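What follows is each chain in one-letter form.
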Amino acid sequence: MAKDIDWGSLGFQYTAADYRVVSKYKDGKWSDLELTTDSTVHISECAGVLQYAQTVFEGLKAYRTADGKIVTFRPDLNAQRLKDSAERLAIPAVPEEMFLEALDMLVKANEEYVPPYGSGATLYVRPYIYGSGPVIGVAPAPEYEFRMICMPVGPYFKGGAKPIVIKVSDYDRAAPHGTGNIKAGLNYAMSLFAGEQAHAEGFSENMYLDAATRTYVEETGGANFLFITKDGKVVTPKSNSILPSITRRSLMIVAKDILGLETEERPVPFEEVPEFAECGLCGTAAVISPVGKINDHGKEICFPSGMEEMGPTIKKLYDTLTGIQMGTVEGPEGWIREIK
Ligand code: PLP
Ligand code: COI
């Protein structure tokens, strides 16, 4: 039985589901995974996460398919990326099998929160690991907690599939040899001020350029870029300081192998942006959100796809990807993992 929730009017926000999964790391090992109804955490006042932002996270979704199953999309890649993120912040990694077991436990326990097929909503899953033990000298925490929570969500950007307007930021998101390629809370903390500024000026998001030269496109605060050339090629920026988006990596495969489009992952000079026919932001939360305009310090770059609807190629990518996730389109082997 699904919960009595108005699925269609959900935004992207936190609500506490009934259960969460927790494991604690102490004396060099993770404890057995446990389901709990307690939505508060109890940690040292000097915890590594509170003092030195020692926390990494993931984001993935569970989908109700057309034939009533509950599935997740390439969660093995989220497990791998959480491991990469953890290692970079000197946090003990959670093994892939443990991550997948926690995911199964969490989604099964909160099955009633998985939105119905066709409702436009999905179950967002947020796994994270943080330093819970005390540190005062700059050092990794002695103890950690791995927690996986979930909540039903609607579109990340208000208006759903309507094109958004973004601005070119004057702030940098990630340094060339910094932490832009992992999912660390600190990357998001330092984007908050720039994000609030963009919102106050009426923009949905920031486009960040490369910190070293400010001449190449990187990504936004929470999604990678996809561009479509006038002759239908799919182009995505290549950079060591952006998050290796699972949605973007999947879409490049969908574009090439399913839709037969030409694809290019390469540095994208900001100067080239006005030449593209379509632009979109892709990520778990964003899915593919079309960008209609980019404001560069008062100068507008308007994509020919306009402000009314997604451009035709982005729409094809969107339909195919969401079709695979919802079970109406056959995806490459191993992409869909059923929760049983
Ligand atoms: N870039 C950033 C900065 C993100 O936070 C996210 C969200 O996870 C993405 C890109 C998209 O990644 P994914 O497609 O794996 O969700
Ligand atoms: C996701 O897409 O899962 C993210 O983590 C992006 C976040 C900014 C909501």
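Residues numbered from 1 in each chain as written. Chains lettered and ligands numbered in written order. Predicted model: local features only at pLDDT ≥ 70, side-chain atom pairs only at ≥ 80, totals over all residues. Heavy atoms only, no water.

Novice: Go over the site of ligand 2 with me, naming the residues and quoting the values.
Specialist: Every residue lining ligand 2 is accounted for by Phe12, Phe57, Gly59, Tyr124, Arg126, Tyr156, Lys183, Gly222, Thr284 and Ala285. Contacts to ligand 2 include Lys183, whose side-chain N or O atom sits 2.7 Å from an oxygen atom. Within the backbone of Ala285, a nitrogen or oxygen atom sits 2.8 Å from an oxygen atom of ligand 2. Its free accessible area being 290 Å², ligand 2 has 89% of it covered by the protein chains. Because more than half of its atoms lie within 2 Å of the grid, ligand 2 is assigned to the largest pocket. In the shell around ligand 2, the residues fall into five nonpolar, three polar and two charged. When residues of the shell around ligand 2 are assigned to domains, at least three map to each of domain 1 (7-153) and domain 2 (164-326). (Near = heavy atom within 4 Å. Polar contact = N/O pair within 3.5 Å; in protein donor to acceptor, adjacent residues only side chain to side chain. Areas by Shrake-Rupley, 256 points an atom, 1.4 Å probe, with all protein chains shown as cover. 1 Å grid on protein atoms, 1.4 Å probe; cavity = no way out; pocket = protein on both sides within 12 Å on 5 of 7 lines; lining within 4 Å. Sits in = over half its atoms within 2 Å of the grid points. Nonpolar A, V, L, I, M, F, W, Y, C, P; charged D, E, K, R; others polar. Domains from an automatic or database assignment.)

Novice: If you had to explain the environment of Asp319 to someone new, which residues and values would you point to?
Specialist: Within the element layout of this structure, Asp319 appears in helix H7 (residues 312-325). Linking Asp319 and Ile288, residues 31 residues apart in sequence, is a C-alpha distance of 9.8 Å. A polar atom in the side chain of Asp319 sits 2.8 Å from the side chain of Lys315. (Helix = DSSP H or I, 4+ residues; strand = E, 2+ residues; numbered from the N terminus.)

Novice: Give a detailed account of a nonpolar patch on the surface, specifying residues and quantitative values.
Specialist: On the surface, a cluster of nonpolar side chains totalling about 350 Å² of accessible area is made up of Tyr52, Ile136 and Val138. Following the sequence through the fold, Tyr52 ends up in helix H1 (residues 48-52). For Tyr52, a relative accessible area of 36% puts it in the partly exposed group. (Patch = residues over 30% accessible without salt bridge, like charges linked within 9 Å, V, L, I, M, F, W, Y side chains within 5 Å. Salt bridge = Lys/Arg side-chain N within 4 Å of Asp/Glu carboxyl O. Buried < 20%, exposed > 50% of the residue type's maximum accessible area, 1.4 Å probe, protein only.)

Novice: Any chance you could break down the domain arrangement of the protein for me, citing the residues and the numbers?
Specialist: Domain parsing of the protein yields domain 1 (7-153) and domain 2 (164-326). Here the C-alpha centroids of domain 1 and domain 2 sit 25 Å apart. Tallying the contact residues gives 26 residues for domain 1 and 23 residues for domain 2. Of all residues in domain 1, Phe57, Phe73 and Arg81 bury the most surface against domain 2, accounting for 32% of the area lost on that side. Where domain 1 packs against domain 2, one counts zero salt bridges. Those elements that place two or more of their residues in the side of domain 1 that touches domain 2 are strand E4 (55-57), strand E5 (60-64), strand E6 (70-73), helix H2 (75-88) and strand E7 (122-131). The dominant element in the side of domain 1 that touches domain 2, judged by the number of residues it contributes, is H2, at six residues. (Contact = heavy atoms within 4.5 Å. Buried area = accessible area lost by both parts, 1.4 Å probe.)

Novice: Give a detailed account of the pattern of salt bridges, specifying residues and quantitative values.
Specialist: In the structure shown here, the tally under the stated rule is 18 salt bridges. Residues Glu145 and Lys24 are paired through a salt bridge, measuring 3.5 Å at the closest nitrogen-oxygen approach. In this pair, Glu145 is assigned in strand E8 (residues 144-153) and Lys24 in strand E1 (residues 20-26), connecting sequence segments 121 residues apart. Taking the relative accessible area as the measure of exposure, Glu145 reaches 3% and is therefore buried. Across the salt bridge formed by Arg266 and Glu272, the nearest N and O atoms sit 2.8 Å from each other. The partly exposed category is assigned to Arg266, whose relative accessible area is 22%. For Glu272, a relative accessible area of 18% puts it in the buried group.

Novice: Provide a residue-level description of the site of ligand 1, including the pertinent values.
Specialist: As a structural note, the neighbourhood of ligand 1 is formed by 17 residues, with Tyr188, Glu219, Ser245, Thr247 and Thr284 the closest of them. Between ligand 1 and Ile246, the relevant distance is 2.8 Å, taken from an oxygen atom to a main-chain nitrogen or oxygen of the residue. Between ligand 1 and Thr247, the relevant distance is 2.5 Å, taken from an oxygen atom to a side-chain nitrogen or oxygen of the residue. In isolation ligand 1 exposes 380 Å². Once the protein is present, 96% of that is buried. Going through the elements one at a time, helix H6 (246-258) and strand E14 (278-283) are the ones with two or more residues in the shell around ligand 1. In terms of residue class, the shell around ligand 1 is made up of five nonpolar, eight polar and four charged.

Novice: Account for H6, with residues named and values stated.
Specialist: Here H6 spans 17 Å end to end across 13 residues, near enough to the 18 Å set by a 1.5 Å rise per residue. Here H6 has its buried residues at Ile246, Thr247, Arg248, Ser250, Leu251, Met252, Val254 and Ala255. The opening residue of H6, the one whose side-chain oxygen lies 3.2 Å from the backbone nitrogen of Thr247, is Ser245. Gly260, located one to two residues past H6, shows a positive phi value of around 70°. (Expected span 1.5 Å × (residues − 1).)

Novice: Report on the layout of surface pockets, specifying residues and quantitative values.
Specialist: Taken as a whole, the largest pocket holds about 1200 Å³ of empty space. In terms of lining residues, the largest pocket is bounded by 46 residues, among which Phe12, Tyr156, Tyr188, Gly221 and Gly222 are the most central. At the level of elements, E4, E7, helix H4 (185-189), helix H5 (192-200), strand E10 (205-207), H6 and E14 are the ones that each hand at least two residues to the lining of the largest pocket. Looking at the lining of the largest pocket, the element that brings in the most residues is H5, giving five residues. For the lining of the largest pocket, a count of residues per class yields 20 nonpolar, 18 polar and eight charged. (Points joined across faces, edges and corners; volume = space filled by probe spheres on them.)

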